[in-house]
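# Fold and contact review
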Amino acid sequence: MWCVYFLACVLRPICVPAPETAVVLWGTRQIGSLGAFFFGVIGSVSGLMIMYSLSSLIAHRISKGKKERRQLAWFRQLTGRCGIWILGVLLIVPLVSDEALCAGSAFLKIPLPQFLKIGIIAKVISIGMIAFSGFLGDLCGLRRWHMIAVELLFMFLASAVLQYFCKKGEAKLSCRNSY
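Residues numbered from 1 in each chain as written. Predicted model: local features only at pLDDT ≥ 70, side-chain atom pairs only at ≥ 80, totals over all residues. Heavy atoms only, no water.

## A short note on the overall build of the chain
The number of helices and strands found in the chain is nine helices and zero strands. For the chain, the sequential pattern of α-helices and β-strands runs α-α-α-α-α-α-α-α-α. In the chain, 75% of the contacts between residues at least 6 apart in sequence involve partners at least 24 apart. Carbon and sulfur atoms form 69% of the exposed surface of the chain, whose accessible area is close to 10800 Å². (Helix = DSSP H or I, 4+ residues; strand = E, 2+ residues; numbered from the N terminus. Contact = heavy atoms within 4.5 Å. Areas by Shrake-Rupley, 256 points an atom, 1.4 Å probe, with all protein chains shown as cover.)

## Description of a nonpolar patch on the surface
Taken together, the side chains of Ile50, Leu54, Leu57 and Ile58 define a hydrophobic patch exposed on the protein surface, amounting to about 350 Å² of accessible area. Mapped onto the secondary structure, Leu57 falls in helix α3 (residues 33-57). (Patch = residues over 30% accessible without salt bridge, like charges linked within 9 Å, V, L, I, M, F, W, Y side chains within 5 Å. Salt bridge = Lys/Arg side-chain N within 4 Å of Asp/Glu carboxyl O.)

## Description of the pattern of salt bridges
One pass over the full model with this rule turns up four salt bridges. Of the charged contacts, one joins Arg12 and Asp98 as a salt bridge, the two residues approaching to 2.5 Å between their closest N and O atoms. Of this pair, Arg12 sits in the loop between α1 (2-11) and α2 (20-31) while Asp98 sits in helix α7 (residues 98-107), and the two are 86 residues apart along the sequence. The residues Arg12 and Asp98 share a single accessibility class, namely buried. As a salt-bridge pair, Asp98 and Lys123 come within 3.3 Å of each other at their nearest N and O atoms. Of this pair, Asp98 sits in helix α7 while Lys123 sits in helix α8 (residues 112-140), and the two are 25 residues apart along the sequence. Among the residues examined, Asp98 registers a relative accessible area of 7% and is labelled buried. Residue classification places Lys123 among the buried positions, given a relative accessible area of 1%. Overlapping salt bridges, with partners in common, bring together Arg12, Glu20, Asp98 and Lys123 in one network. (Buried < 20%, exposed > 50% of the residue type's maximum accessible area, 1.4 Å probe, protein only.)

## A short note on the nonpolar core
As a rule of thumb, soluble globular proteins bury nonpolar side chains together. Leu87, Leu91, Leu101 and Phe115 are the most contacted members of the largest nonpolar core, which has 17 residues in total. Where this core is concerned, the elements lending two or more residues are α3, α6 (84-92), α7 and α8. Per-element tally for this core: the top contributor is α6, with five residues. Cys9, Val23, Val24 and Val45 belong to the second-largest nonpolar core, a separate cluster that totals eleven residues. (Core = buried A, V, L, I, M, F, W, Y, C linked by side-chain atoms within 4.5 Å.)

## Overview of the packing of α6 against α8
Two numbers describe how α6 lies on α8: the axes approach to 8 Å, and their chain directions differ by 40°. One finds that α6 runs oblique with respect to α8. When the axes of α6 and α8 are compared, the crossing they make is right-handed. Here Ile84, Leu87, Gly88, Leu91 and Ile92 of α6 come into contact with α8, specifically with Gln114, Phe115, Ile118, Gly119, Ala122, Lys123, Ile125 and Ser126. (Axes fitted to C-alpha atoms, helices over the stretch in contact; angles between N-to-C directions. Parallel < 35°, antiparallel > 145°, perpendicular 65-115°, else oblique. Left-handed = near helix turned anticlockwise from the far one by under 90°.)

## Considerations on α2
Since the α-helix advances by 3.6 residues per turn, residues separated by three or four positions end up pointing in the same direction. An ideal rise of 1.5 Å per residue puts 16 Å on twelve residues; α2 measures up with 16 Å between its terminal C-alpha atoms. Regarding α2, the residues found buried are Glu20, Val23, Val24, Gly27 and Thr28. Down the axis, α2 shows its buried residues gathered within 135° of arc, on one side only. As for α2, its buried residues are in contact with α1, α3 and α8. Just past α2, the residue Gly32 takes up positive phi, approximately 95°. (Expected span 1.5 Å × (residues − 1). Arc of directions from axis to C-beta.)

Here it is in structure tokens:
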């Protein structure tokens, strides 16, 4: 069963239109939290790498769809100000599909090693939160809705940290431009 889950995690960022949460929860139920985390991270990062490579080869074909063009334009606008930080948050928070993020990163010419570092960190966080939420909830005596509230709090904190670094980066840029 772990090989089916691993294959689903590899194919999800490439061509499977299923939310990461659903895939990881299914994997957690089938092979346990630790196995779902381990195979999920390795599979998802492998899928991101494959999709990034394909996107860099056929970037112009991916952007032909109306939805994809809109998401890529939004991604370009966001990354213009905050750069790589926003990519990490978007890989964790499911606002934009992983396909669009891979294609956008290829369009913006983010180097593959840098993209993979961000992808690994983001997938460890997102898959870890999903795979271990039930275990951590039971350990802390929290119900499922409590765990969702805690995860939302972590997302809010990550967003606040991102905004802080973006503002700090913009201030440095304005200081450099004034000279």
